[in-house]
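Read off the chains here:
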Amino acid sequence: MINTNSIDDSPFHEGELAIQDKLGKRKIMATFSKRGVRSFMPEQHSKFVAQKVTSFIQFLFEKFEAKPKTKKPKIS
């Protein structure tokens, strides 16, 4: 896959850039983003993320699935 990010464009939005400025880290983050931030996700990463989402949804379904209520027997 080809990274389509322009070398001159920042992948960070305005709020992220403001925080980077406040912390004095904008220059180092600009360097990092040129090497580590991509505008695409490799196929194997896409499959992995999709699998994790499916596993989480399955967990939620099993945890919160409606179960029949049983009445406790009366003690006379």
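Here the structure is shown first, and the text comes after it.
Residues numbered from 1 in each chain as written. Predicted model: local features only at pLDDT ≥ 70, side-chain atom pairs only at ≥ 80, totals over all residues. Heavy atoms only, no water.

### Regarding the overall build of the chain
Along the chain, the regular secondary structure elements total three helices and zero strands. In the chain, the succession of α and β elements from N to C terminus is α-α-α. Considering the chain as a whole, with its 76 residues, one finds that 7% of them fall into the buried category. As presented, the chain carries roughly 7500 Å² of accessible surface, and 60% of it is formed by carbon and sulfur atoms. (Helix = DSSP H or I, 4+ residues; strand = E, 2+ residues; numbered from the N terminus. Buried < 20%, exposed > 50% of the residue type's maximum accessible area, 1.4 Å probe, protein only. Areas by Shrake-Rupley, 256 points an atom, 1.4 Å probe, with all protein chains shown as cover.)

### What to know about the pattern of salt bridges
The final tally for this structure, using the stated rule, is two salt bridges. Note that Arg 26 and Asp 21 form a salt bridge whose closest N and O atoms lie 2.9 Å from each other. Arg 26 gets classed as partly exposed once you look at its relative accessible area, which sits at 37%. Residue Asp 21 is classed as partly exposed on the basis of its relative accessible area, which comes to 43%. One salt bridge in this structure joins Lys 47 and Glu 43, with 3.3 Å as the shortest N-O distance. Taken together, the positions of Lys 47 and Glu 43, both in helix α3 (residues 43–64) and four residues apart, correspond to about one turn of that helix. As far as burial versus exposure is concerned, Lys 47 and Glu 43 are alike and both exposed. (Salt bridge = Lys/Arg side-chain N within 4 Å of Asp/Glu carboxyl O.)

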